[in-house]
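One letter stands for each residue in the lines below.
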Amino acid sequence: MEGAGYRVVFEKGGVYLHTSAKKHQDPDSLINGVIRVVEKDNDVLLHWAPVEEAGDSTQILFSKKDVCGGDSCTSEEEPTFDPGYEPDWAVISTVRPRPRHSEPTRGAEPSSPRGSWAFSVSLGELKSIRRSKPGLSWAYLVLVTQAGGSLPALHFHRGGTRALLRILSRYLLLASSPQDSRLYLVFPHDSSALSNSFHHLQLFDQDSSNVVSRFLQDPYSTTFSSFSRVTNFFRGALQPHPEGASPDLPPAPDDEPEPGFEVISCVELGPRPAVERAPPVTEEEWARHVGPEGRLQQVPELKARIFSGGLSPSLRREAWKFLLGYLSWEGSTEEHKAHVRKKTDEYFRMKLQWKSVSPEQERRNSLLHGYRSLIGYVQGMSDLLSPILYVTQNEVDAFWCFCGFMELVHGNFEESQETMKRQLGQLLLLLRVLDPPLCDFLDSQDSGSLCFCFRWLLIWFKREFPFPDVLRLWEVLWTGLPGPNLHLLVACAILDMERDTLMLSGFGSNEILKHINELTMKLSVEDVLMRAEALYRQLTACRELPHNVQEVLGLAPPTEPHSPSPPASPLPLSPTRAPPAPPPSADTVTQPDSSLEILPEEEEEESADS
């Protein structure tokens, strides 16, 4: 929205003022309004007005610093507190509006008593911004000015706090306090002014003239190398000052470790590229990759074709054995036949031995008992096995292919659910970069944890697509292309397809869960895969992609060693793993046959005699 001398760069409705301190707000105490960020007369203003006045953007005024004193500013009646009310919320909700001292402007007079709550402040007057605690019914922001006063708390009933902070980060530096993660200190983007402030504070041994420019280019390294002393300054500014101490002087440095601070930045993604899917790989095309002695040639090219088009149904029975590590991509026809004979014999010997183990033997052999528990059935495994059994039509082949699949997803079935929690965290990280407004909306509806995506990740969308589409989706994911964790981008693609329905319908948490469950069998796998690949290309084209996002996509090495976990798989789920390696040969994959060496010979003879 533009006009003569002004331009609205951000606008969000459903931003309320709560004028009562009571826990249960009555309708008369809620004032619905619109928050705007406006560029006007070489300044940037933050303006809030009730809905009855919000329509006229030309009447945005500049709020001068409060110069009134004494009782003239406190003539309003003090609010009555509810003893059972949460203190933190009560303090936020009882902030009274600061009087506006501005030059009279035609049309600026409030049209109703609620108009007296409207305010407008220059971004240069802001000192800090405080966010609400997670879990409150509505997210809110409290803005504190350089004069020390607080503006009325802004309650975002329809989300939008992160969107507003991202817009403000275009004009200001927002530094998270090391003492309170919900408090952001505000600094101007004027590098010369900020550097000059640091110079006068004498916080650096070296020349501070280029501190801000280095900080904006590389915030992390500059923070931990050159800004270590700033933390002490912030800590002193945010802690209560002892009696007689001057609040303007930074405290003496101490020997405690300094946590540093983060800078909120807005990741600007480029346009999303167009992606087209290719036709499936046919038996004739597969045959062209078979060389002398039956060895597959140009395997990377073949995998890329499977990723872009999938496999024809008649080819899956053979190709899936390679994709799941049952057969080696480098082996010859004779080597494959020998390997299949070996694995067939191994399977039936293992099956026979499992049947021959008596409860008494299992009780006496703790290793055997633990291993049986380890490979025991967990709910959801049948969803993974049934498509494999349908395609292979062979018990032995299905078992070893299933073992290969479990090498990829066995962490999903851990009792601790650490792997699932990590994947949900990675999914949220990707979604925050791809679609911040959607994240804001989900947060506002108590759905920001993305728990409604749990089933998607647990069994790789087995119940979300029709059966033929599941076969196509899995064989694409098994290629490991274009990088690890493509299944997370598939989830992002589905949410991206449904974002308008979720946000425009005003769904609450229950409605969101219901809508996601009702997507079952209504999704097109080709549309989802195209969008997932487009999201990947859009992310990888961003030069300022955060390092942790690069880790999730396999574009950067991990910043720290990964915690002990089950053996790595061709498609690692953790962002701290290196990019995927070629699938291991079947001989090197750990298979569940160690029980053949666990039972002592004496116990085997006793079992045979019995």
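Bear in mind that the values here come from a model prediction, so they are computed numbers and not experimental data. (Residues numbered from 1 in each chain as written. Predicted model: local features only at pLDDT ≥ 70, side-chain atom pairs only at ≥ 80, totals over all residues. Heavy atoms only, no water.)

Considerations on the overall build of the chain
Rule in force here: Numbered from the N terminus, helices here are DSSP runs of H or I no shorter than four residues, and strands are runs of E no shorter than two. When accessible area is computed with a 1.4 Å probe and restricted to protein chains, residues below 20% of their type maximum are described as buried, those above 50% as exposed, and intermediate ones as partly exposed. Contacts are residue-level and defined by heavy atoms, with any inter-residue pair within 4.5 Å sufficient. Each accessible area is a Shrake-Rupley estimate made with a 1.4 Å probe; only the visible protein chains count as cover when residues are assessed.
For the chain, the helix and strand inventory stands at 23 helices and 10 strands. Going through the 610 residues of the chain one by one, you find that 47% of them count as buried. The contacts in the chain between residues at least 6 apart in sequence include a share of 66% that link residues at least 24 apart. Just so you have it, the chain exposes about 30,700 Å², and 52% of that area is on carbon and sulfur atoms.

Section: the packing of helix α16 (residues 436-444) against helix α19 (residues 486-504)
Helices that pack against each other are described as a pair by the angle of their axes relative to one another and the distance between those axes. Worth spelling out the cut-off: Note on geometry: axes are lines fitted to C-alpha atoms, helical ones only across the stretch in contact, with angles between N-to-C directions running from 0 to 180 degrees. Roughly parallel refers to an angle under 35 degrees, roughly antiparallel to one over 145, roughly perpendicular to one between 65 and 115, and oblique to any angle outside these ranges. For any pair of crossing helices, the crossing counts as left-handed if the nearer helix is rotated counterclockwise from the farther one by less than a right angle, and right-handed if it is rotated clockwise. Side-chain classes follow a simple rule in which Ala, Val, Leu, Ile, Met, Phe, Trp, Tyr, Cys and Pro form the nonpolar group, Asp, Glu, Lys and Arg form the charged group, and the remainder, Gly included, forms the polar group.
Packing of α16 against α19 brings their axes to within 11 Å, and their N-to-C directions diverge by 55°. What the angle tells us is that α16 and α19 run oblique. Relative to α19, the crossing made by α16 is left-handed. Of the residues in α19, those touching α16 at P437, L438 and F441 are L495, R499, L502 and M503. For the contact of α16 with α19, the residue count by class is 6 nonpolar, no polar and 1 charged.

Topic: the side chain of H336
Tracing the sequence through the fold places H336 in helix α10 (residues 333-356). Excluding residues within four positions of it along the chain, H336 makes contact with F322, L327, S328 and G331.

Some words on the packing of aromatic side chains
Put simply, the rule reads: The criterion for an aromatic pair is that two Phe, Tyr or Trp rings (for Trp, the six-membered ring) have centres within 6.5 Å, with stacked assigned to planes under 30 degrees apart, edge-to-face to planes over 60 apart and tilted to the rest. Only when the NZ atom of a Lys or the CZ atom of an Arg is both within 6 Å of the ring centre and within 35 degrees of the ring normal do we say a charge sits over the ring.
The final tally for this structure, using the stated rule, is 14 aromatic pairs. Ring centres of F399 and W400 lie 4.9 Å apart, and the angle between their planes is 75°; on these two criteria the pair is classed as edge-to-face. Clustering of aromatic rings is evident, with ring pairs tying together W320, F405, W460, W474 and W478. Taking NZ or CZ as reference, K343 lies 4.4 Å from the ring centre of W400, over its face.

Side note on unusual backbone geometry
Cis rather than trans, the peptide bond between L481 and P482 has omega equal to -5°. Checked against the element boundaries, P482 lands in the loop between α18 (467-478) and α19. With a phi close to 65°, M521 is a non-glycine residue in the positive phi region. Relative to the elements of secondary structure, M521 occurs in the loop between α20 (509-517) and α21 (525-540).

Some remarks on the environment of K337
In this structure, K337 sits in helix α10. A C-alpha to C-alpha distance of 9.6 Å links K337 and L327, two positions 10 residues apart in sequence.

Quick notes on the environment of V281
By the element assignment, V281 lies in the loop between α6 (228-238) and α7 (283-288). Looking at V281, the relative accessible area reads 0%, which means it is buried. C-alpha separation for the pair V281 and R316, spaced 35 residues apart in sequence, amounts to 9.8 Å. Once residues within four sequence positions are removed from consideration, V281 is found in contact with W286, L302, R305, I306, G310, L311, S312 and L315.

Considering the confidence of the model for the chain
Spelled out, the test is: Confidence scores per residue from the predictor, reported as pLDDT, run from 0 to 100.
Averaged over the chain, the pLDDT score is 74; the fraction of residues at 70 or greater is 63%. When the criterion is pLDDT under 50, residues 56-111 qualifies, and its contacts beyond four places in sequence or with other chains add up to 98 contacts. Long-range and interchain partners of residues 561-610, a stretch whose pLDDT sits below 50, account for 100 contacts in this model, where long-range means more than four residues apart.

Here's the deal with helix α15 (residues 418-434)
Short version of the rule: Working rule for helices: expected span equals 1.5 Å times residues minus one.
Its 17 residues give α15 an end-to-end C-alpha distance of 24 Å, which sits within 8% of 24 Å, the value for a rise of 1.5 Å per residue. All buried positions along α15 are accounted for by T419, M420, Q423, L424, Q426, L427, L428, L430, L431, V433 and L434. Lining the buried residues of α15 we find α16, α17 (454-458), α19, α21 and α22 (547-553).

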